[in-house]
Amino acid sequence: MNGVALSVSRGIARVTETALGPYQTAVLRIGFGLTWLLFLLREFPHRHELYGPDGPWSWGLARRLTGDNGAFTALMWSDGRVWFEAVYALAVLSATLLVLGWRTRTLSVLFMAGVLSLQNRSVLVGDGGDNVLHLMSVYLVFTRCGRVWSLDARRARRAAAARERGERAGDRTGPVLWAVLGLVLAGATLSGRLVGHDVEWTVPALLWGMWLVQALWWAAGRRAGGGEPRVLLDVIGNVTHNAALLVIMAEACLIYATAGWYKVQGSRWQDGTAVYYPLRLDYFSPWPALADLLAASGTLVMLLTYGTVMAQVAFPFTLFNRRVKNVLLAVMMTEHAVIAVVLGLPFFSLAMIVADAVFLPTPFLRRLGGVVARGRWWRRPAAVPGGPGVPAQGTAEDAGAARVG
């Protein structure tokens, strides 16, 4: 009985004292931010047809749909071209800053708002990758995804070093950003655009909730001097982060499990010919010669068809064995890379690869970070316990991350 109680207490301490998987959530932040950014830049010349006033899905139709389903989109606040350009530019800017890890608590919320605003404006545009990005943009809001490999982590190290030297580490940018966004939220709420009879309460409540949390965090750190209120908020942040990380993992498993079991029921997947048909579609053949080469071999088509089903069905069960999980993870990522090239679905494949990355082992991610740092893609931080890119409390974080990986 004492052993069980000790294990439970250790588990509670791990969940409350540490934000697990800092490297994995950093990869999610960078990966999904980069996926959305590249998509927006690629579609920049066609943005008016996809999400703007020149699209076949008009503003009036979108207004009727969002009035029925209550979906959030800032593009319904006005049908003007200037407002559309402003929202699109904000989506690009928020994705860029999220990748860099600047003010990730705030930018993750703005990133979510940009994704929801554009995707909910034109629901007929997109594929499975957009659905994954849609969900993950919401989950990222609840994670502490800027603990490593971010400008936030660098600022935290510099602030800690300044305090050790007896200097005062002030932050003017954060309160200014908080105040500006508060005015925007207040204006949107008072005008009836953010809260109304045709808008669900979930996203507005999330926006206001995160704004209030920022105020509490700043007040606790400034007035209590990092005492018990700040410790309590830190515990709540860790629990929320770990719960969101668990939901992200469960979501990835659910995607593969449902996809695999639905495929099992299809006759073309049962007879081993399902992969052949998309290879023969001109719309999914950016490299016709390569598609013809793959489709010409019946044995290869059969192996790919059955292999896809088995990998997707088996993936959730392999999480109980680290070695098998890592092998199958490499297979799944390779499969998505092949889909990106052969079928011309780069953003769908990139979104799925990023979702898979939440299961990557921490030692691998740390080595990858070291390779990037030595390549001087960004300035390498000073060495601290726990490896490159880890804040001063990195030892405890790495211990939790190793368990995730």
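Residues numbered from 1 in each chain as written. Predicted model: local features only at pLDDT ≥ 70, side-chain atom pairs only at ≥ 80, totals over all residues. Heavy atoms only, no water.

Looking at an unreviewed UniProt entry, the protein chain carries the name HTTM domain-containing protein, with the source organism given as Streptomyces daghestanicus. Checking UniProt for the protein chain, the heading Subcellular location (unreviewed entry) contains the comment "Endomembrane system". (UniProt positions renumbered as here; feature names shortened; annotations may be inferred.)

Caption draft 1: Molecular detail of the overall build of the protein chain. In terms of helices and strands, the protein chain carries 19 helices and zero strands. In terms of overall size, the protein chain behaves like a compact globule, its C-alpha atoms giving a radius of gyration of 23 Å where 405 residues would be expected to give roughly 22 Å. Each of the three principal axes of the protein chain carries a C-alpha extent, and together these read 70 × 60 × 50 Å. A fraction of 74% describes how many contacts in the protein chain between residues 6 or more apart in sequence connect residues 24 or more apart. For the protein chain, the computed accessible surface area is about 21,400 Å², with 66% contributed by carbon and sulfur atoms. Positive and negative side-chain charges of the protein chain, numbering 38 and 25 respectively, have mean locations separated by a distance of 11 Å. (Helix = DSSP H or I, 4+ residues; strand = E, 2+ residues; numbered from the N terminus. Rg over C-alpha atoms; globule rule 2.2 N^0.38 Å. Contact = heavy atoms within 4.5 Å. Areas by Shrake-Rupley, 256 points an atom, 1.4 Å probe, with all protein chains shown as cover. Lys, Arg positive; Asp, Glu negative; His and termini not counted. Charge placed at Lys NZ, Arg CZ, Asp CG, Glu CD.)

Caption draft 2: Representation of the pattern of salt bridges within the structure. Under the definition given, this model contains seven salt bridges. The partner of Glu85 in a salt bridge is Arg47, with the nearest N and O atoms 3.0 Å apart. Of this pair, Glu85 sits in helix H5 (residues 81–100) while Arg47 sits in helix H3 (residues 47–50); the two residues are 38 residues apart in sequence, bridging distant segments of the chain. On the basis of relative accessible area, Glu85 is assigned to the partly exposed category, the value being 26%. Accessibility expressed as a relative area gives 13% for Arg47, which makes it buried. For the salt bridge of Asp234 with Arg144, the shortest nitrogen-to-oxygen distance reads 2.9 Å. Of the two residues, Asp234 sits in helix H11 (residues 228–264) while Arg144 sits in the loop between helix H7 (128–140) and helix H8 (151–164), which places them 90 residues apart along the sequence. Assessed through its relative accessible area of 28%, Asp234 is described here as partly exposed. (Salt bridge = Lys/Arg side-chain N within 4 Å of Asp/Glu carboxyl O. Buried < 20%, exposed > 50% of the residue type's maximum accessible area, 1.4 Å probe, protein only.)

Caption draft 3: Expanded view of unusual backbone geometry. Despite not being glycine, Arg103 shows a phi value in the positive range, around 50°. Despite not being glycine, Trp149 has its phi angle at roughly 55°, a positive value. Locating Trp149 in the fold gives a position in the loop between H7 and H8. Take Trp149: its relative accessible area is 13%, and that puts it in the buried class.

Caption draft 4: Just helix H9 (residues 173–190), in detail. The end-to-end C-alpha distance of H9 is 26 Å, a good match for the 26 Å that 18 residues give at a rise of 1.5 Å each. For H9, the full list of buried residues reads Gly174, Gly182, Leu185 and Ala188. Along the axis of H9, the buried positions cluster into a sector of 130°, meaning they face one direction only. Along H9, exposed side chains directed more than 90 degrees from the buried face belong to Val176, Leu183 and Leu190. (Expected span 1.5 Å × (residues − 1). Arc of directions from axis to C-beta.)

Caption draft 5: Layout of the packing of aromatic side chains. In the structure shown here, the tally under the stated rule is 13 aromatic pairs. Judged by centre distance (5.5 Å) and plane angle (85°), the ring pair of Tyr276 and Tyr277 falls under edge-to-face. Taking relative accessible area as the criterion, Tyr276 reaches 33% and is therefore assigned partly exposed. Cluster of aromatic residues (ring-pair linked, three or more members): Trp36, Phe39 and Phe347. The ring of Phe44 has Arg47 sitting right over it, with the charged end atom 3.8 Å from the ring centre. The ring of Trp269 carries Lys263 above its face, with NZ or CZ at 5.2 Å from the centroid. (Phe/Tyr/Trp six-rings, centres within 6.5 Å; stacked < 30°, edge-to-face > 60°. Lys NZ or Arg CZ within 6 Å of the ring centre and 35° of its normal.)

Caption draft 6: Looking closely at the environment of Glu200. Looking at the secondary structure, you find Glu200 in the loop between H9 and helix H10 (202–223). A C-alpha to C-alpha distance of 24 Å links Glu200 and Pro53, two positions 147 residues apart in sequence. Beyond its immediate chain neighbours, meaning those up to four positions away, Glu200 contacts Asn69 and Gly70.

Caption draft 7: Quick peek at the nonpolar core. The biggest cluster of nonpolar side chains holds 54 residues, and the ones touching the most others in it are Phe32, Trp36, Leu40, Leu118 and Phe359. If you list the elements that add at least two residues to this core, you get helix H2 (22–42), H5, helix H6 (104–121), H7, H11, helix H15 (298–318), helix H16 (322–342) and helix H17 (346–356). The element contributing the most residues to this core is H2, with nine residues. (Core = buried A, V, L, I, M, F, W, Y, C linked by side-chain atoms within 4.5 Å.)

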